[in-house]
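Secondary and tertiary structure notes
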Amino acid sequence: MKLKSLAAIALLGATILSTGSAFAGVTLSIVSSDTGGSASWLRGVLDDFQKQSGDTVKIVGMPNSTTDQFGQYKLWLAAGNSDIDVYQTDVIWAPQLSDQFVDLTAATKDIIGNYFPSIVQSQTSGGKLVALPFYTDAPALFYRKDLLAKYNLPVPKTWEEMAKTAKTVMDGERAAGNKDMWGFVFQGNAYEGLTCDALEWVKSYGGGQIVEPDGTISINNDKAAAALEEAKSWVGTISPPGVLSYDEEASRGVWQLGNAVFMRNWPYAYANGNQADSPIKGKFDATTLPVGAAGDSPASTLGGWNLAVSKYSKNQDEAIKLVRYLSSPEVQKSRAVNLAALPTLTALYDDADIAKAQPIIPQWKAVFQNAVPRPSGPTKTKYNEVSNDFWSAVHDTLAGNGSAKDNLEALEAKLTELKGDGW
Ligand code: GLC
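Conventions and cut-offs
Residues numbered from 1 in each chain as written. Predicted model: local features only at pLDDT ≥ 70, side-chain atom pairs only at ≥ 80, totals over all residues. Core = buried A, V, L, I, M, F, W, Y, C linked by C-beta atoms within 7 Å. Buried ≥ 20, exposed ≤ 12 C-beta atoms within 10 Å, placed from the backbone. Helix = DSSP H or I, 4+ residues; strand = E, 2+ residues; numbered from the N terminus. Domains from an automatic or database assignment. Contact = placed C-beta atoms within 7 Å. Pairing = 2+ DSSP bridges. Axes fitted to C-alpha atoms, helices over the stretch in contact; angles between N-to-C directions. Nonpolar A, V, L, I, M, F, W, Y, C, P; charged D, E, K, R; others polar. Near = placed C-beta within 6 Å.

**Considerations on the nonpolar core**
Grouped together as the largest cluster of nonpolar side chains are 119 residues, with contacts concentrated most on Phe-142, Phe-184, Val-185 and Phe-262. In terms of residue count, helix 17 (residues 383-398) provides more of this core than any other element does, seven residues in total. Both of domain 1 (6-137 + 303-371) and domain 2 (140-301 + 374-419) provide at least three residues apiece to this core. Setting aside chain neighbours within four positions, we find Phe-184 in contact with Met-162, Ala-166, Trp-234, Ile-238, Ser-239, Ala-260, Val-261 and Phe-262.

**Side note on unusual backbone geometry**
Of note, the phi angle at Asn-152 is positive, near 55°, even though the residue is not glycine. You can see Asn-152 is positioned in the loop between helix 6 (145-150) and helix 7 (159-175).

**Focus: the sheet that holds strand 8 (residues 182-185)**
Pairing in this open sheet of four strands is mixed, and the strands run 8-9-7-10 from one edge to the other. For this open sheet the edge positions go to strand 8 and strand 10 (284-287), each flanked by a neighbour on one side alone. Averaged over all pairs of adjacent strands, the angle between strand axes in this sheet comes to 15°, irrespective of strand direction. When strand 7 (residues 140-144) meets strand 10, the two strands line up antiparallel, connected through four bridges.

**Some details on the domain arrangement of the chain**
Split into domains, the chain comes out as domain 1 (6-137 + 303-371) and domain 2 (140-301 + 374-419). On a C-alpha basis, the centres of domain 1 and domain 2 stand 28 Å from each other. Residue-level contacts link 22 residues of domain 1 with 22 residues of domain 2. For the side of domain 1 that touches domain 2, the residue count by class is eleven nonpolar, ten polar and one charged.

**A word on the site of the ligand**
Residues in close proximity to the ligand include Thr-66, Asp-90, Val-91, Asp-137, Glu-192, Gly-193, Cys-196, Glu-248, Trp-266, Gly-303, Gly-304 and Trp-305, which together make up its full environment. Along the lines of polarity and charge, the residues of the shell around the ligand split into four nonpolar, four polar and four charged. Viewed by domain, the shell around the ligand spans two of them, domain 1 (6-137 + 303-371) and domain 2 (140-301 + 374-419), each represented by three or more residues.

Printed below as a string of structure tokens:
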């Protein structure tokens, strides 16, 4: 009883304190999805910011799909919405949203040299720093090391080997009683995530990057078609038919329950998979994605998230302080240690605490530095349509609506029309 009332008094104290600090500062809003449960981590670091700054920060929840987020951002920004101060932006959106965000060049000139120049470059559009890098991303092939050992099979190097190994282990496990076992899960829904997955298949088969850095539309070629036909052969065999509506979290759901041999996903899944209550804790590892054929190079799509201040924010100075805080070494380190997010600050790749907590991070420095960018640079403000046309052609192929060859031919015609006289 006594303890309870003490706790109640403490709670009251905390409420008074936080109300007090709200009066001292301003109230800011930041958008956030909750992939991998990241929103509760964000709340924790925002609470620290509130104590330091006297400001109050609210999280406005967002869907996990970057495609859905982009749609929402465009609506809000077009309407000049001043309720959102800080946006979290995908690496691909800088050229399309640059007019709506505050130029951060002057406000970050003392710290910008600490970030990877290529990432800063990706967030620079028309000479303006559109967003400050928060974390970077490059996917892995997650595999069940216990199951590969059980069947005495090596980690696969090509997509075909991956499919064969997936089938052997899946069949064996099903025969042994695990009827829910699948071979491979990935992101097959019709959205930006499928663009990322399919770019990896195409590029690793030597089929180019959809639209090349010089603006040439390259996607209609035999190697790209072969890559998509290979991926189609997985659906309903080693991958559940439902994979055609999976996003990152849906694939992680199957994987983390222990019901998949392989998964393609971003590094955050490494942290979730090793959480105390995870059925696969300690049973898996991560490696680079497979290649098309021996001799080809693996390809990982470059992902990542950044922090941008809305031009319509009424508290831009405080919002800039928040963005600087969230991408600071301390907060990026906390995100790396807790969520296995890849830092955008070069120095953190030598940090012993990060390496100990999430060994994938130092290993992934080379992977993200060699990752393939989506063609958002060359296609500028048309990227969203390019990507939409690409993921639709891929989704149709995976669903059996037309052959890869025919769908890529039609895609080329669409992109050519979209390009017109130039991107
Ligand atoms: C991850 C990546 C992002 C990508 C998205 C696709 O969040 O960081 O760049 O667009 O996945 O689903």
